[in-house]
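# Structural features, examined
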Amino acid sequence: MAEVYRNYIDGKWVEAVSGATFESINPANKSEVLGVFPRSDHRDVEKAVEAAEAHFDRWRKTPAPKRAEIFYRAGEILVRRREELARLMTREMGKVLKESRGDIQEGIDMTYYIAGEGRRLLGETTPAELPNKFAMSIRIPLGVVAAITPWNFPIAIPTWKLVPALVAGNTVVFKPAEDTPLLATRLVEILIEAGLPGGVLNLVHGYGEEAGRPLVRHPDVALVSFTGSSEVGREVAVACAENYKRVSLEMGGKNAIIVMDDASLDLAVDGAIWGGFGTSGQRCTAASRLVVHKRVLKEFTEKFVNRAKALRLGDGLLETTDVGPVINEAQLNRIHGYTQIGIKEGAELLCGGGICREGECAKGFFYLPTAFAEVDSKMRIAQEEIFGPTVVIIPVDDLDEAIEVCNSTKYGLSSAIYTQDVNKAFIAMRDIYAGITYVNASTIGAEVHLPFGGVRQTGNGHREGGSTAIDIFTEWKTIYVDYSGRLQRATIDA
Ligand code: NAD
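Residues numbered from 1 in each chain as written. Predicted model: local features only at pLDDT ≥ 70, side-chain atom pairs only at ≥ 80, totals over all residues. Heavy atoms only, no water.

## Re the overall build of the protein
Counting its regular elements, the protein contains 15 helices and 19 strands. Relative to the 2.2 N^0.38 estimate, which gives 23 Å for 494 residues, the radius of gyration of the protein is 24 Å and therefore close to what a compact globule would have. Its C-alpha atoms give the protein principal-axis dimensions of about 80 × 65 × 40 Å. Out of the 494 residues belonging to the protein, those deemed buried represent 57%. As displayed, the protein offers around 20200 Å² of accessible surface, 51% of which is attributable to carbon and sulfur atoms. For the protein, the distance from the average position of its 56 positive side-chain charges to the average position of its 65 negative side-chain charges is 3 Å. (Helix = DSSP H or I, 4+ residues; strand = E, 2+ residues; numbered from the N terminus. Rg over C-alpha atoms; globule rule 2.2 N^0.38 Å. Buried < 20%, exposed > 50% of the residue type's maximum accessible area, 1.4 Å probe, protein only. Areas by Shrake-Rupley, 256 points an atom, 1.4 Å probe, with all protein chains shown as cover. Lys, Arg positive; Asp, Glu negative; His and termini not counted. Charge placed at Lys NZ, Arg CZ, Asp CG, Glu CD.)

## Some remarks on the layout of surface pockets
Reported here for the largest pocket is a volume of approximately 980 Å³. Along the wall of the largest pocket there are 39 residues; nearest its centre are Trp151, Phe226, Gly228, Ser229 and Val232. Listing elements by their share of the lining of the largest pocket, those giving two or more residues are α7 (208-217), β10 (221-227), α8 (230-242) and α11 (329-345). Top contributing element to the lining of the largest pocket by residue count: α7, with 6 residues. Here the lining of the largest pocket is composed, by residue class, of 16 nonpolar, 10 polar and 13 charged. For the lining of the largest pocket, the domains that each give at least three residues are domain 1 (7-251 + 459-478) and domain 2 (255-439). (1 Å grid on protein atoms, 1.4 Å probe; cavity = no way out; pocket = protein on both sides within 12 Å on 5 of 7 lines; lining within 4 Å. Points joined across faces, edges and corners; volume = space filled by probe spheres on them. Nonpolar A, V, L, I, M, F, W, Y, C, P; charged D, E, K, R; others polar. Domains from an automatic or database assignment.)

## What about the site of the ligand?
Looking at the ligand, there are 28 residues lining it, with Thr149, Lys175, Glu178, Ser229 and Glu385 nearest. At a separation of 3.3 Å, an oxygen atom of the ligand approaches a polar backbone atom of glycine 208. Within the backbone of methionine 251, a nitrogen or oxygen atom sits 2.8 Å from a nitrogen atom of the ligand. Protein chains bury 91% of the 850 Å² of accessible surface belonging to the ligand in isolation. Breaking the shell around the ligand down by element, the ones donating at least two residues are α7, β10 and α8. Broken down by element, the shell around the ligand gets its largest block of residues, 4 residues, from α7. (Near = heavy atom within 4 Å. Polar contact = N/O pair within 3.5 Å; in protein donor to acceptor, adjacent residues only side chain to side chain.)

## What about the domain arrangement of the protein?
Examined at the domain level, the protein breaks down into domain 1 (7-251 + 459-478) and domain 2 (255-439). Computed from C-alpha atoms alone, the centre-to-centre distance between domain 1 and domain 2 is 31 Å. Taken together, the contacts link 23 residues of domain 1 with 27 residues of domain 2. Buried surface at the junction of domain 1 and domain 2, summed over both partners, amounts to about 2100 Å²; 60% is from carbon and sulfur atoms. Inspection of the region where domain 1 meets domain 2 yields 6 residue pairs in polar contact (both at pLDDT 80 or more). Put simply, the parts of the chain that give the side of domain 1 that touches domain 2 at least two residues each are β4 (29-38), α3 (82-93), α4 (97-115) and α8. In terms of residue count, the dominant contributor to the side of domain 1 that touches domain 2 is α3 (5 residues). Considered class by class, the residues forming the side of domain 1 that touches domain 2 number 9 nonpolar, 5 polar and 9 charged. (Contact = heavy atoms within 4.5 Å. Buried area = accessible area lost by both parts, 1.4 Å probe.)

Structure follows, in structure tokens:
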């Protein structure tokens, strides 16, 4: 019998008001149920927001360095439990063990990095224009933050939201993805063990439409921090606009690697394989488009396809596995649907293109690493986010065309160029319109102390990570102190 888990509201572990539940299953082995979780609705959300609201005043008045100490302790617990959590992550969402370890490590890095903000939360002091007057700006928390997260980075992405929101003095209602509720529960348990007071962080499990939607619309939520698809992100943004709420959106991507004719081809193939098929292509920063100079197209394609064909599918817990399953059946069918679209559009299927039902793969949701050649940049497979192990190869004549292709989707998260020519690298750095550009490295590999996010329909102008993460979770307040003892009129008496 699978263990039954609960929501965490106002410092207590509680069932959903409705008593309804849902299961978390292992995508590499659908018969393994990892746990049973409360299927919450608007009534649970209301209780959670009420608790977060009630605890806000006490929490915001707790000195920031004291708030932050809790997260140093949480970081230590994450370090201690890294291996256990990584194995659980592989069982809950499928990615291979070394990638799960990387996910936990990113959570540790973020937790330590932002804990340091407890002793910074920097504002500015600046001279005032009048005598005997002092001017400064400080950061203040907003209130109740709704944190809504996807399943592909079940520890890293929640830490990107929860830690800066809480260190800055906000209280939080956390609605994790319905595919990874167990990892979310473990993270909340760790924060409680580290000393986070009850009610400051509340956990509400459930489906997007039933729990996420009422959370976004709740009038006492001041800020929604959302990571997920652009379609849902748009709905979240519209709902927030209606209520004058701040909203930070991290959404989809259709990221490109440009391979120039002077590139080190083996290095570029390494980056393309890692970027295209790591996490079974289910990363917002996945390299799903390879934009390749025609002079090296044949050689690059041969090397890439040979490597793709050699990738071993299987349970991510096994050392012999290169590529794990995809998250669920709906996604498996969606990916396969895109293969049919690609074939209909006239692209040439080079490898993969099918659901793997052989051997152990029959137990789960496995899709063969897939590559298409003869792809035109306007095709749907070159424009739409598939979020699976499907990579398209688009030939180009020169750098100008490569950059034009790279910039031609509605997204703009990550990008990369492989070239040995410093001039071309700098042109790409300048002209690729995206939140992130790598030179001679794949589209994935963000470090937590730099801004992370994208342009166009990938984001709405905010950046998680870096000091910019704090900008999302705080409001600016400007303060003037006049110690002249008389009326001084700025812009008139100055
Ligand atoms: P999703 O949009 O389906 O779900 C994301 C979260 O939103 C889940 O918790 C879900 O329950 C919730 N949700 C769904 N409908 C909702 C609604 N109507 N109101 C409120 N909440 C709702 O995305 P997913 O399938 O979990 O994740 C994959 C997507 O996330 C991809 O598009 C990927 O590119 C994107 N992503 C982006 C980043 C980034 O930083 N830019 C990082 C990881 C994933």
